[in-house]
Amino acid sequence: MDLFHIVSEDRIKKAYQDGEFENLPGLGKPLQLEDLSGIPEELRMAYKLLKNAGYTQEEGQLRQEMMTIEDLMKKCDDSNEKESLQKKLNEKLLWFNQLMSKRGVKTNSAIFKNYEHKVQKKIRY
């Protein structure tokens with residue numbers, strides 16, 4: 001064992017003796033483990049990192065769909081079609097925000113969307 005391992009073990013033992021682990025949330029409850037059996041073992045750590053950063057497959061797909069809808073809206077001339085696309089975009093954005101809030105990630109997408117529209121208006125005029 002190296003010095004770092006010995007020091008850390010000593011600190012953990014001291015904290016345990018001082019009772020610092022007694023009031024932890026979830027004490028005595030089983031751990032909520034994710035089922036990662038469908039992900040190859042060598043990719044699990046990368047998957048967890050990406051998921052924690054907000055880049056899961058479902059979220060990536062939603063982002064791609066939102067960008068596609070935005071591109072269609074930019075090229076659309078028909079106001080009825082544009083309104084329909086806007087509704088679809090709002091639904092996707094709402095679903096995306098719900099996914100992110102379930103994980104505890106704060107999204108400012110509405111703020112950035114409004115800012116983007118203001119910048120686009122200033123550039124056009």
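**Some thoughts on the pattern of salt bridges**
Line of reasoning, step 1. Taken as a whole and assessed by the stated rule, the structure comprises three salt bridges.
Line of reasoning, step 2. Residue lysine 14 pairs with aspartate 18 through a salt bridge whose shortest N-O separation is 3.0 Å.
Line of reasoning, step 3. Here aspartate 18 falls in the partly exposed class, since its relative accessible area comes to 46%.

**Considerations on the packing of aromatic side chains**
In this description, a pair of aromatic rings is defined by centroid distance and the angle of the planes.
Line of reasoning, step 1. Scanning the entire structure with this criterion turns up one aromatic pair.
Line of reasoning, step 2. Relative to phenylalanine 21, the ring of tyrosine 16 has its centre 6.5 Å away and its plane inclined at 35°; by these criteria the two rings are tilted.
Line of reasoning, step 3. Judged by relative accessible area, which is 34%, phenylalanine 21 ranks as partly exposed.

**Focus on the confidence of the model for the chain**
Line of reasoning, step 1. Looking at the chain as a whole, its pLDDT mean stands at 81, while 84% of the residues score no less than 70.
Line of reasoning, step 2. By mean pLDDT, helix α5 (residues 109-124) is the weakest element of the chain at 66, and helix α1 (residues 3-17) is the strongest at 92.

**Some points on the packing of helix α3 (residues 57-75) against helix α4 (residues 79-102)**
Line of reasoning, step 1. Interhelical geometry of α3 versus α4 gives an angle of 160° and a closest axis separation of 10 Å. The angle between α3 and α4 places the two elements in the roughly antiparallel class. Classified by chirality, the crossing of α4 by α3 is left-handed. Only Lys82, Leu85, Gln86, Lys88, Leu89, Lys92, Leu93, Trp95, Phe96, Leu99 and Met100 of α4 make contact with α3, whose side of the interface consists of Glu58, Glu59, Leu62, Arg63, Glu65, Met66, Ile69, Glu70, Leu72 and Met73.
Line of reasoning, step 2. The class makeup of the residues in the contact of α3 with α4 is twelve nonpolar, one polar and eight charged.

**Considerations on α1**
Line of reasoning, step 1. With 15 residues, α1 ought to run about 21 Å at 1.5 Å a step, and its terminal C-alpha atoms sit 21 Å apart, in line with that.
Line of reasoning, step 2. Once α1 finishes, glycine 19 follows within two positions and takes phi at roughly 80°, a positive value.

**Examining the environment of glutamine 86**
Line of reasoning, step 1. Relative to the assigned elements, glutamine 86 resides in helix α4.
Line of reasoning, step 2. Between the alpha carbons of glutamine 86 and glutamate 70 there is a distance of 8.2 Å; along the sequence they are 16 residues apart.

Conventions adopted
Residues numbered from 1 in each chain as written. Predicted model: local features only at pLDDT ≥ 70, side-chain atom pairs only at ≥ 80, totals over all residues. Heavy atoms only, no water. Salt bridge = Lys/Arg side-chain N within 4 Å of Asp/Glu carboxyl O. Buried < 20%, exposed > 50% of the residue type's maximum accessible area, 1.4 Å probe, protein only. Phe/Tyr/Trp six-rings, centres within 6.5 Å; stacked < 30°, edge-to-face > 60°. pLDDT = per-residue confidence, 0-100. Helix = DSSP H or I, 4+ residues; strand = E, 2+ residues; numbered from the N terminus. Axes fitted to C-alpha atoms, helices over the stretch in contact; angles between N-to-C directions. Parallel < 35°, antiparallel > 145°, perpendicular 65-115°, else oblique. Left-handed = near helix turned anticlockwise from the far one by under 90°. Contact = heavy atoms within 4.5 Å. Nonpolar A, V, L, I, M, F, W, Y, C, P; charged D, E, K, R; others polar. Expected span 1.5 Å × (residues − 1).

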